[in-house]
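Commentary on secondary and tertiary structure
What follows is the residue order along each chain.
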Amino acid sequence: MPSARMNAFLLALMLLFGVAAILLPLEVLGVLGAPLVVAGAYIGGRRGGVLIALWAMLVLMIASLVMRQADVDNYVIAVVGYLAIGILVGAEVDRFAAERDQLRKAVEASVLARRQLSASEARYRLLFEQGHDAVYVHGLDAAGEPTRFVSVNDATCALLGYTREELLGLTPRAIDAAPAPGQLRRMMAQLLKEGSVMYESVRRTQDGRLIPVEVGSSLTEVDGELTVLSISRDVSERKLAEGRLESLSLRDELTGLLNRRGFSVMLPEQLKRARRTGHPVVVLYGDLDEFKEFNDAFGHARGDEVLKAVAGALSRTFRETDLVARMGGDEFCVIAEADPGTDPSLFGKRVEEAVRDAGRELGLDVVLSHGELVTDWLGLEDAAAVLARADALMYAEKRARSA
């Protein structure tokens, strides 16, 4: 009860008892004091009970003196009784009021918590359902094996091409197409250990397409069961952009052939292939005769046409598994797998014919001087030495041609 109202009620009781002292006999007034104290205690707790008890004693004492009916023993008994009633009843009222306040606060806290939970669930549903990224929830057993999907959002269905009902009957293994064997098992084991994990993987759609994704997963416990919440972001465009950048860094922008860096990156793969097959390898190194003079006479644009034509001729002459590179300027290099006993000069003749034909299409006489030799995978381990030998053979051919 607010303090102002409580004080008003107590004052009313005090006035009421004061009026009764004037109108009622002393014996009746003494009996009326006890319920008055109880009322005061009920209204104001211990404070109200003691206050009304003291007031009742004061009124009784004044009434006794006025009526000359003072009885000390009875007055002492009344005093003790009123105070005892005020204190005991007031204490119980205070305890009840405290418990009531605690209960009220608990109810208010519970209502607030429910409202906050409801708001949180609404925000979660909004983020879950309206998010652009695929969000899904599945179980996880103690051994780290993912169990069936519990919930998926619309973005997951759109990404994977399944209906919600179809996905809820599957486990994450049904959509996992990680290039590294056992990746999902390792990630779930890390999730059990650390509680969260981020990694890149690949998801398989219903029609068999493979989609690169970036996955963030967190582990929690719901109703005593391990539950995994994952967000998968489609990174196809980023991977394409990275692939284009990688391609630009490894390939010559003008001709599309491997550049010197690309040649160095791909050479170890060619060595592994030669070692695996045991076949010999032909290394051809060449450059265009008098190309600088040609550029000076006809311009770099015309020179670029010649370079592209020669690159196309080399690409058509050799297989996709062979290395064909523009090493810089007008220099080209080829590393091609050959059958045992192959004469390397046959490769050179094929190159000469292809380059000559490309030059005819441009109305020009294009000559690619070259040197070639045969080696094996051991020779490719010291590629610099092999290329130096092929380069030396090329210059020997130039000298012989100019002699």
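Cut-offs and rules
Residues numbered from 1 in each chain as written. Predicted model: local features only at pLDDT ≥ 70, side-chain atom pairs only at ≥ 80, totals over all residues. Heavy atoms only, no water. Patch = residues over 30% accessible without salt bridge, like charges linked within 9 Å, V, L, I, M, F, W, Y side chains within 5 Å. Areas by Shrake-Rupley, 256 points an atom, 1.4 Å probe, with all protein chains shown as cover. Salt bridge = Lys/Arg side-chain N within 4 Å of Asp/Glu carboxyl O. Helix = DSSP H or I, 4+ residues; strand = E, 2+ residues; numbered from the N terminus. Buried < 20%, exposed > 50% of the residue type's maximum accessible area, 1.4 Å probe, protein only. Pairing = 2+ DSSP bridges. Axes fitted to C-alpha atoms, helices over the stretch in contact; angles between N-to-C directions. Contact = heavy atoms within 4.5 Å. Core = buried A, V, L, I, M, F, W, Y, C linked by side-chain atoms within 4.5 Å. Parallel < 35°, antiparallel > 145°, perpendicular 65-115°, else oblique.

A word on a nonpolar patch on the surface. There is a patch of nonpolar side chains on the surface, built from Leu58, Met61 and Ile62 and spanning about 240 Å² of accessible area. Locating Met61 in the fold gives a position in helix H2 (residues 26-67). Met61 sits in the partly exposed class, given a relative accessible area of 33%.

To continue, consider the pattern of salt bridges. Taken as a whole and assessed by the stated rule, the structure comprises 15 salt bridges. Among the ionic pairs, Arg173 bridges to Glu145, the shortest N-O distance being 2.8 Å. With Arg173 in the loop between helix H5 (164-167) and helix H6 (183-194) and Glu145 in the loop between strand S1 (134-140) and strand S2 (146-152), the pair connects residues that are 28 residues apart, well separated along the chain. Looking at Arg173, the relative accessible area reads 36%, which means it is partly exposed. The shortest N-O distance in the salt bridge between Arg319 and Asp322 comes to 3.5 Å. Residue classification places Asp322 among the buried positions, given a relative accessible area of 8%.

On to the environment of Ala39, then. Relative to the helices and strands, Ala39 resides in helix H2. For Ala39 and Val89, which are 50 residues apart along the polypeptide, the C-alpha to C-alpha distance reads 9.3 Å.

The next thing to look at is the sheet that holds strand S9 (residues 368-375). In spatial order, the strands read S7-S8-S6-S9; together these 4 strands make up an open sheet with antiparallel pairing. The open sheet has two edge strands, strand S7 (323-328) and S9, and neither has a second partner. Each strand of the sheet is rotated relative to its neighbour by a mean of 15 degrees, with strand direction disregarded. Judged from the 8 bridges that link them, strand S6 (residues 281-288) and S9 form a sheet pairing that is antiparallel. Bridge assignment links Leu288 to a residue of S9, and that residue is Leu368. Against the sheet, helix H10 (residues 300-317) contacts S6, S7 and strand S8 (331-337), and its axis sits at roughly 5 degrees relative to S8.

Here the focus is the nonpolar core. Grouped together as the largest cluster of nonpolar side chains are 23 residues, with contacts concentrated most on Leu288, Val306, Val310, Phe318 and Phe332. Of all the elements in the fold, those that place two or more residues in this core are S6, helix H9 (291-298), H10, S8 and helix H11 (344-362). Ignoring sequence-local partners within four residues, the contact set of Val306 consists of Leu288, Phe291, Phe294, Leu362, Leu364 and Val366.

The strand order across the open sheet built from 5 strands is S2-S1-S5-S4-S3, with neighbouring strands paired in antiparallel fashion. Of all the strands in the sheet, the pair left with one neighbour each is S2 and strand S3 (196-204). Along the sheet, successive strands turn relative to each other by an average axial angle of 35 degrees, direction set aside. Lying on the sheet, H6 is in contact with S1, S2, S3, strand S4 (210-222) and strand S5 (225-234); it crosses S3 at an angle near 160 degrees.

What follows concerns the packing of H9 against H10. Where H9 contacts H10, the two axes come as close as 7 Å, and the packing angle between them is 135 degrees. Between H9 and H10, the angle falls in the class oblique. The segment H9 lies against H10, with Phe291, Phe294, Asn295 and Phe298 engaging His300, Arg302, Gly303, Val306 and Leu307.

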